[in-house]
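Each chain is listed here by its residues.
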Amino acid sequence: MYSFFNRLRGSVTLKISGAQPEAFINECVERGAELIFALPVENYCTVVTVPSRQLKRVRRAAAASGCTAEIVGRGGTASLGRLLLRRIVPAVCLALCLALLAWSKLFLWEIEVKGAERVSEGEILSALADCGVKTGAFWPSFTSDLIRAEALLKLPELAWLTVNVYGSRAEIVVRERVPVPELIDDRTPADIVAEKSGFVTRMLALAGQEQTAEGSAVLAGETLIAGAVTSALGETRCVRAYGDVTALTYYEMTAAAPDTVYKKGGAETSNTRWALKFGNTRINFYNNSSISGVDCDKIYIEHKAELKGLFSLPITLIEERTADCAALAVSGGAEERMAAELLDTLMQSVNGEILRSNCTVYRADGLVYVCLRAECSESIGKTVYINPSDYTGSDITGETG
């Protein structure tokens, strides 16, 4: 406690030099000068620490004892105060920075969305902006329940939403609704028809009547499993056909591109421009337009006034680097790119597996052509609803198989 008060009122460390340093100590006692600390360092030299307010009294005691007093250090709040008074401009700047930092932590300058997969981040931020959660908003006025209720009304795809504020940064955590699975209507009669042409390799009919056999060729739209079932007595009843039909299918896909393309080469000239963004206001430190040419690369580097996880100020220094590039003619390389794109398109179209595939390349009239041929094994059946009256002669309700 005594050390704390000494630091609070300030102290001065002096080097006392003289023939009789002990006479200086006796003189201080007689004059009532308080010595916080005293340590002899040499035969005729002693280092003492005294309160700042008793510096004059200690100096008079040193002169009366025939010693010299040299200040070697200061400490405590009094010393800091005198230092700031001598440097008023840094002190004012420090005070303004602290005030700006405290003020900025009451506003949102960074918003992060977590948990969104099907709903885009832009839709969530737009809905929250209508609710008042946006860049520059005064977050102490937020009401979490009201924001959640309004945002969920605007975004029915979300099941839950919360806003967590950490200083000047807001974290939006969302949970999306689980899609309701499609219910199968078992009472509506339907056929299973071929969605693609091919050779049937596997026929599995769980309900309905088979219309083709394994090894047969079928065309797209042809009925594979009929929902109209004829009994041994000649009566026809309509059911919903169930089953799976696997067939060998064949694809031929072609893509074309110029044989010679132009790409950007090395930078011939480069330039760097600066801009300052304060909140939503941008100040450019250049006069010309920011629109660059076609053969120009542009890179933006943002230097934010922030410490990750601690605070963020609405001040961003933008470094804009532009480089004019020369166009270079490049031949070849398009075949691999088109072959990969064709294969990716094929994989998205096949409802099964690709058994074999090969690509052929040929050139004509300045173009390069890539042709992909593939053999696949996939399920080709799709459900098509039927009208029972077309088979029974009367408008009756179908039955399940």
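Provided above is the structure to which this section pertains.
Summary of the structure given here.

The rules behind the values
- Just so you know, the residues in each chain are numbered from 1, in the order the chain's sequence is written.
- The model is predicted, so local features are restricted to residues of pLDDT at least 70 and side-chain atom pairs to those at 80 or more, both for listing and for counting; the totals for chains, interfaces and linings are taken over all residues.
- Each side-chain value is derived from all of the structure's non-hydrogen atoms; neither hydrogens nor water enter the calculation.
- Throughout this description, the term nonpolar core refers to a set of buried Ala, Val, Leu, Ile, Met, Phe, Trp, Tyr and Cys residues connected via side-chain atoms within 4.5 Å.
- Each residue gets one of three labels from its accessible area relative to the maximum for its type: buried under 20%, exposed over 50%, partly exposed in between, using a 1.4 Å probe on protein chains only.
- Contacts between residues were defined by any pair of non-hydrogen atoms, one from each residue, lying within 4.5 Å.
- Counting from the N terminus, the helices are DSSP H or I runs at least four residues long and the strands are E runs at least two residues long.
- When we speak of the arc, we mean the arc of directions from the helix axis to the C-beta atoms.
- Criterion for a salt bridge: a side-chain nitrogen of Lys or Arg within 4 Å of a carboxyl oxygen of Asp or Glu.
- A patch consists of residues whose relative accessible area exceeds 30% and which take part in no salt bridge; residues with like charges are grouped when within 9 Å of each other, and nonpolar side chains (Val, Leu, Ile, Met, Phe, Trp, Tyr) when within 5 Å.
- Here the open area of atoms and residues is found with the Shrake-Rupley method and a 1.4 Å probe, where only the protein chains shown may cover a residue.

A closer look at the nonpolar core
Stage number 1. The biggest cluster of nonpolar side chains holds 18 residues, and the ones touching the most others in it are Ile124, Leu128, Val133, Leu158, Leu161, Ile172 and Val174.
Stage number 2. Aside from chain neighbours lying at most four places away, what touches Leu161 is Leu128, Arg148, Ala151, Leu152, Ile172, Val173 and Val174.
Stage number 3. Grouped together as the second largest cluster of nonpolar side chains are 14 residues, Leu342, Leu346, Val370 and Leu372 included.

Some remarks on helix α2 (residues 21-31)
Stage number 1. For α2, the set of buried residues is Pro21, Phe24, Glu27 and Cys28. Projected down its long axis, α2 carries its buried residues within an arc of 105°, all on one side. Pointing more than 90 degrees away from the buried face of α2 are the exposed residues Val29 and Glu30.
Stage number 2. Along its buried surface, α2 packs onto β1 (11-17), β3 (45-51) and α3 (55-64).

Points about unusual backbone geometry
Stage number 1. Non-glycine residue Asp365 carries a positive phi angle of around 55°.
Stage number 2. Within the element layout of this structure, Asp365 appears in the loop between β20 (352-364) and β21 (367-379).

Re the pattern of salt bridges
Stage number 1. Going through the model one piece at a time under the given rule, you end up with 13 salt bridges.
Stage number 2. Between Glu252 and Arg373 there is a salt bridge; the shortest N-O distance is 3.6 Å. Residue Glu252 is located in strand β15 (residues 242-258), and its partner Arg373 is located in strand β21; the two are separated by 121 residues in the primary sequence.
Stage number 3. Each of Arg273, Arg282 and Glu320 takes part in a single network of salt bridges with overlapping partners.

Here's the deal with a nonpolar patch on the surface
Stage number 1. Side chains of Ile88, Val89, Val92 and Leu96 sit close together on the surface and give an oily, nonpolar patch of about 380 Å² of accessible area.
Stage number 2. Mapped onto the secondary structure, Val89 falls in helix α5 (residues 88-104).

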